[in-house]
Amino acid sequence: MTMPADPTANRPRIVTLTMNPALDITTSVEVVRPTDKLRCSATRYDPGGGGINVARVAHVLGGSVFAVFPAGGSHGGHMTRLLSDAGVPFAEIPIRAATRESFTVNETSSGEQYRFVLPGPHLSPHEQGRCLQELRIAARSSEFVVASGSLPPGVPTDFYQRVADMCGQLGVRLILDTSGGGLRQVSSGVFLLKASLRELRECVGRPLDTEAEQLAAARELIERGRAEVVLVSLGAAGALLATGHAAQRFPSIPMPSGSGVGAGDAMVGAIAVGLCRGWPLVKSVALGVAAGAAMLMTPGTAVCPRAEVERLFELVPEPTDIGAGA
């Protein structure tokens, strides 16, 4: 197992888990046409997957972070080299199958973006166990575990509940950002659940067309004990933050249109950094809004610069109170 850094040496305050990492590939073409041979521009490669993106952003913002993930094959090797070059400490759990690729094509004539996301490798029960073992080692002296991204084939949908149970045993707060069955099967133990509107709809099984309905769904998750805090990202419409006693609407920062790839991960990474600084939750979410906006200006899945996040943080509009808890 490759381990460029000892997770206990510097006691990382944030540990990320990425069960389905990816080698992110980004390129551009003038027009996307079916059946044509498309001549693309130069290709950009980045280490990707939810928790890895979170770790990269947290590292850029000065957070003490450590990433845990499985990796295999040549794509996995390329991904880990890129992560090492970025200075992010990590524990790599070797797997037999190859790490997946994610492919993004920007159409320059229209500004449209096409994203192709592969399902990922099959992880054996032994490989899954090794991931949990390495997570426990890294997380036992941390403040936050951030579990982010999809679950690859072979991993049961209750896997993140097992992570939540582990965090409870260790006394570590869990931030979760996932979708599908991995989200629906989580019943308890999450400190902060970050979900897009689509993910929240899938979780509660309702359309959620109005803000009142969205807030009610977030509060439903809190009242059932699935999470202490729910943050709903709404893209250009901003975000909703709900706790057991209050709720706020965060407007977005007006930005030129750009790639939204990694914006949600940047938001989560910045929130974790803010909380580790001892900031209140609302201020930490404002930093997350700034980081998500900064990602709109980066190529592919490149990390947003710290200076840009700090500049945009000063421009985040004040959140609006939209209701007290029961």
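To be clear, the structure that these remarks concern was listed above.
Residues numbered from 1 in each chain as written. Predicted model: local features only at pLDDT ≥ 70, side-chain atom pairs only at ≥ 80, totals over all residues. Heavy atoms only, no water.

1. Description of the sheet that holds strand β3 (residues 44-48)
Okay, step 1: Read across the sheet, four strands follow the order β3-β2-β6-β7 without closing on themselves; strand pairing throughout is mixed. On the outer flanks of this sheet lie β3 and β7 (113-117), each paired with one strand and no other. Each adjacent strand pair in this sheet contributes to an overall mean axis angle of 20°, direction not counted.
Okay, step 2: The pairing of strand β6 (residues 100-107) with β7 spans five bridges and is classified as antiparallel. Looking at the pairing, F103 lines up with F116 of β7.
Okay, step 3: Across the sheet, helix α1 (residues 50-60) lies against β2 (22-29) and β3, angled at about 100° from β3, the strand it touches most. (Pairing = 2+ DSSP bridges. Helix = DSSP H or I, 4+ residues; strand = E, 2+ residues; numbered from the N terminus. Axes fitted to C-alpha atoms, helices over the stretch in contact; angles between N-to-C directions. Contact = heavy atoms within 4.5 Å.)

2. Brief notes about the side chain of S142
Okay, step 1: Within the secondary structure, S142 is located in the loop between α3 (125-139) and β8 (144-148).
Okay, step 2: Among the polar contacts made by the side chain of S142, one reaches the main-chain carbonyl oxygen of A139 at a distance of 2.9 Å.
Okay, step 3: Setting aside its immediate chain neighbours within four residues, S142 contacts P12, R13, V15 and V172. (Polar contact = N/O pair within 3.5 Å; in protein donor to acceptor, adjacent residues only side chain to side chain.)

3. Looking at the pairing of strand β1 (residues 14-17)
Okay, step 1: Alternating positions in β1 separate into two faces, I14 and T16 on one and V15 and L17 on the other, with burial throughout.
Okay, step 2: Of the strand pairs in this sheet, β1 and strand β4 (residues 65-71) are connected by four bridges, and their pairing is parallel. When the sheet's bridge partners are listed, V15 is paired in β4 with F66.
Okay, step 3: Of the pairings in the sheet, the one linking β1 to β8 comprises four bridges and is parallel in character. When the bridges of β8 are listed, L17 appears paired with A147. (Buried < 20%, exposed > 50% of the residue type's maximum accessible area, 1.4 Å probe, protein only.)

4. Focus: the packing of aromatic side chains
Okay, step 1: Applying the stated criterion across every chain, the model contains four aromatic pairs.
Okay, step 2: Ring plane angle 35° and centroid distance 5.4 Å describe the contact between F69 and F90, whose orientation is recorded as tilted. A residue pair is termed long-range when its members are at least 10 positions apart, and F69 in strand β4 and F90 in strand β5 (residues 90-94) qualify at 21 residues.
Okay, step 3: The class of F69 is buried, set by a relative accessible area of 0%.
Okay, step 4: Arranged with centres 6.3 Å apart and planes meeting at 70°, the rings of F159 and Y160 form a pair that is edge-to-face.
Okay, step 5: A relative accessible area of 0% places F159 in the buried class. (Phe/Tyr/Trp six-rings, centres within 6.5 Å; stacked < 30°, edge-to-face > 60°.)

5. Section: the environment of S124
Okay, step 1: Residue placement: S124 occurs in the loop between β7 and α3.
Okay, step 2: Sequence separation between S124 and P254 is 130 residues; the distance between their C-alpha atoms is 45 Å.

6. Some words on the pattern of salt bridges
Okay, step 1: Evaluation of the coordinates by the stated rule reveals 11 salt bridges.
Okay, step 2: For R224, the salt bridge goes to E220, with nearest N and O atoms at 3.5 Å.
Okay, step 3: The class for R224 is exposed, based on a relative accessible area of 57%.
Okay, step 4: For E220, a relative accessible area of 18% puts it in the buried group. (Salt bridge = Lys/Arg side-chain N within 4 Å of Asp/Glu carboxyl O.)

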